[in-house]
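# Geometric and topological summary
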Amino acid sequence: MKLAITGKGGVGKTSLTALLALSFARAGRKVIAVDADPATTLARTLGIPNPESITPISELHELIEERMGVQPDSIGTFFRLNPKVDDLPEKYWVEHDGIRLLIMGTISRGGTGCACPANALLKALLMHLLIARDEVVILDMEAGVEHLGRATATAVDAFIIVLEPSRQSIETGRKIAQLAKDISIKRIFVVGNKVRSEIECDFIRENVDFGTMTICLPYSDEVVLSAMEGSGRIKPAADIVDGIEKLKETISKQY
Ligand SMILES: Nc1ncnc2c1ncn2[C@@H]1O[C@H](COP(=O)(O)OP(=O)(O)OP(=O)(O)O)[C@@H](O)[C@H]1O
Ligand SMILES: [Mg+2]
């Protein structure tokens, strides 16, 4: 199961990644959570102590030099096209609550066809995670659609699009779903989040003309409070936990 959590900025992608990862781990599944957003917040949301002390893979300059055979930021020079990456997850993940977290860091876009060695290593690592591993892999993506590189996105086998009750978030969701269809992603699941009433959930359901509408997660003061607390670890209320269990079942049924 290789899931990409996508959606407009601030809708709850990182929160959902953390909650789903925790839920799969509790059910005894092996889980790799990947922070694929350059603005890394997943470690904190998972409650990992001192998240700022974890160096993202994109900043491991010696590793990049060793694996790619050139300086990390060299442009236009020759470097390895298929670097060895299969040993990297075990070396660089941080384990917490049964979840293995990998923080990718910034994949610079540098215009079309930027073939920077650091990018190439990150892409190779992502492909390895998506194609060669038997764990559940959950990618916490950057907001929007522009960054969804085709090669990587194609290797994902389901998109989960998070929506909040607003036209803008549904518009972004629709664009993401279109992209997913263009690259033949088999499964698109839609999750409503921060919903304060039945009316808001209905608004989402009625406007979603893409993917499989699954659950609406309620707006939760506990989640807000946990984001304010020192550790930042997400503390979901019982109704959110129930919703996540349902989502997990719905996803699992389609595999
Ligand atoms: N169900 C919820 N109820 C209340 N607050 C929520 C809920 N889900 C998420 N939040 C809060 O909304 C904010 C944004 O959530 P989160 O960081 O998960 O979104 P995101 O989509 O990953 O954002 P970004 O696009 O910046 O990466 C956080 O402060 C989080 O605590
Ligand atoms: Mg996020």
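Quick note: structure is the one above.
A few points on the structure. Owing to the predicted nature of the structure, the values given are computational and were not obtained by experimental measurement.

### Re the sheet that holds strand E7 (residues 187-195)
Within a beta sheet, neighbouring strands are joined by backbone hydrogen bonds and run either parallel or antiparallel to one another. With mixed pairing, 8 strands are arranged side by side in an open sheet as E3-E4-E2-E5-E1-E6-E7-E8. Sheet topology places strand E3 (94-96) and strand E8 (212-218) at the edges, where each strand pairs with a single neighbour. Direction aside, neighbouring strands of the sheet carry axes that sit 25 degrees apart on average. Bridge count for strand E2 (residues 31-35) against strand E4 (residues 99-103) is 5 bridges, and the pairing is parallel.

### Some words on the site of ligand 1
Around ligand 1 sit 19 residues, and of these Gly12, Lys13, Thr14, Ser15 and Ala227 come closest. Here the shell around ligand 1 is built from residues that sort into 7 nonpolar, 9 polar and 3 charged.

### A short note on the environment of glutamate 62
Following the sequence through the fold, glutamate 62 ends up in helix H3 (residues 61-68). For glutamate 62 and proline 72, which are 10 residues apart along the polypeptide, the C-alpha to C-alpha distance reads 8.1 Å.

### What about the pairing of strand E5 (residues 136-140)?
Remark: a regular strand shows side chains that alternate across the two faces of the sheet. Counting buried positions over the 5 residues of E5 gives 5, a clear majority of the element. Neither face of E5 is exposed, since Val136, Ile138 and Asp140 on one face and Val137 and Leu139 on the opposite face are all buried. Pairing of strand E1 (residues 2-7) with E5, which is carried by 4 bridges, proceeds in the parallel orientation. Paired with lysine 2 across the two strands is valine 137, which belongs to E5.

Here is what the cut-offs are and how they apply
- Residues numbered from 1 in each chain as written.
- Chains lettered and ligands numbered in written order.
- Predicted model: local features only at pLDDT ≥ 70, side-chain atom pairs only at ≥ 80, totals over all residues.
- Pairing = 2+ DSSP bridges.
- Helix = DSSP H or I, 4+ residues; strand = E, 2+ residues; numbered from the N terminus.
- Axes fitted to C-alpha atoms, helices over the stretch in contact; angles between N-to-C directions.
- Near = placed C-beta within 6 Å.
- Nonpolar A, V, L, I, M, F, W, Y, C, P; charged D, E, K, R; others polar.
- Buried ≥ 20, exposed ≤ 12 C-beta atoms within 10 Å, placed from the backbone.

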